[in-house]
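Residues per chain are reported as follows:
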Amino acid sequence: GASNSDPNASLGGAISSTAAGTNIFDNVSSAEASAGDTEYRCLYIRNGHATLTMQSAKVWIQSNTPSADTAVAIAIAGEGINGTAETIANENTAPSGESFVTAVDEANAISIGNIPPGQHIAIWVRRVVNASAAAYNNDGFTLRTKCDTAA
């Protein structure tokens, strides 16, 4: 929601005025590692420029998790530019209708299109932890966006 500052509560709804930060998922508990776990987070890509449109914007996973027991995938929210992403019941509930892809590099990025000044689009991130996952420190990932502008 609009005032959310807790990454563990990034479950859709209105865009927050707080930046997502670098840790959007919690640590994997021993129970989650043993049983396996799939979690979801909603982030927004916002064009903060006052006059320039983000043209031909795209997003991809610049580096996926280094652990062989985890992986992330991304999807563009179906609500489109300036839409409000659906709110999911909890972190283990998948958003409705989204198609997740690994988008492993810029050549395989998800095309967003144009994002006008001050507008945004929601993306979903899915983290899968395999059952019987081994412990792993600093098991992060990096998302990347890129666009052109008129100037």
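Each chain has its residues counted from 1, running along the sequence as written. Given that the model is predicted, a residue must reach a pLDDT of at least 70 before its local features are reported, and side-chain atom pairs must reach 80 or more before they are shown or counted; all residues, however, enter totals for whole chains, interfaces and linings. As a rule here, side-chain values cover all heavy atoms of the structure and leave hydrogens and water aside.

A. Highlighting the overall build of the chain. Along the chain, the regular secondary structure elements total one helix and six strands. Runs of H or I in DSSP of at least four residues are treated as helices and runs of E of at least two as strands, each being numbered from the N terminus. Counting helices and strands in the order they occur from the N terminus, the chain gives α-β-β-β-β-β-β. With C-alpha atoms as the basis for the radius of gyration, the globule rule is written as 2.2 Å multiplied by the number of residues raised to the power 0.38. Against the 2.2 N^0.38 benchmark of 15 Å for 151 residues, the chain shows a C-alpha radius of gyration of 16 Å, consistent with a compact globule. With the C-alpha coordinates of the chain rotated into their principal frame, the extents come out at 50 × 35 × 25 Å. Taking all 151 residues of the chain together, the buried fraction comes to 34%. Partitioning the contacts of the chain with sequence separation of at least 6, the portion at a separation of at least 24 is 81%. Summary of the burial criterion: residues with accessible area below 20% of their type's maximum are buried, those above 50% are exposed, and those between are partly exposed, where the area comes from a 1.4 Å probe applied to protein chains only. In this description, contact between two residues means that some pair of their heavy atoms is separated by no more than 4.5 Å.

B. Examining the packing of aromatic side chains more closely. Stacked, edge-to-face and tilted are the three classes for Phe, Tyr and Trp ring pairs, Trp counted by its six-membered ring, which pair at centre distances within 6.5 Å; planes under 30 degrees apart are stacked, over 60 edge-to-face, the rest tilted. Tallied over the entire structure, the rule returns two aromatic pairs. Seen in terms of ring centroids, Phe25 and Phe141 are 6.2 Å apart; in terms of plane orientation they differ by 55°. Their pairing is tilted. Taken together, the residues span a long stretch of sequence, with Phe25 in the segment before α1 (30-35) and Phe141 in the loop between β5 (120-129) and β6 (142-148) at a distance of 116 residues. By relative accessible area, Phe25 is classed as buried at 12%. Here Tyr40 and Phe100 contribute two aromatic rings whose centre-to-centre distance is 5.6 Å and whose plane-to-plane angle is 55°, an arrangement assigned as tilted.

C. Focus on unusual backbone geometry. We note that Ser132 has phi near 65°; this positive angle belongs to a residue other than glycine. Positionally, Ser132 belongs in the loop between β5 and β6. The exposed category is assigned to Ser132, whose relative accessible area is 62%. Phi at Asn138 takes a positive value of approximately 55°, unusual for a residue other than glycine. Mapped onto the elements, Asn138 comes out in the loop between β5 and β6. Of the residues examined, Asn138 reaches a relative accessible area of 76% and is grouped as exposed.

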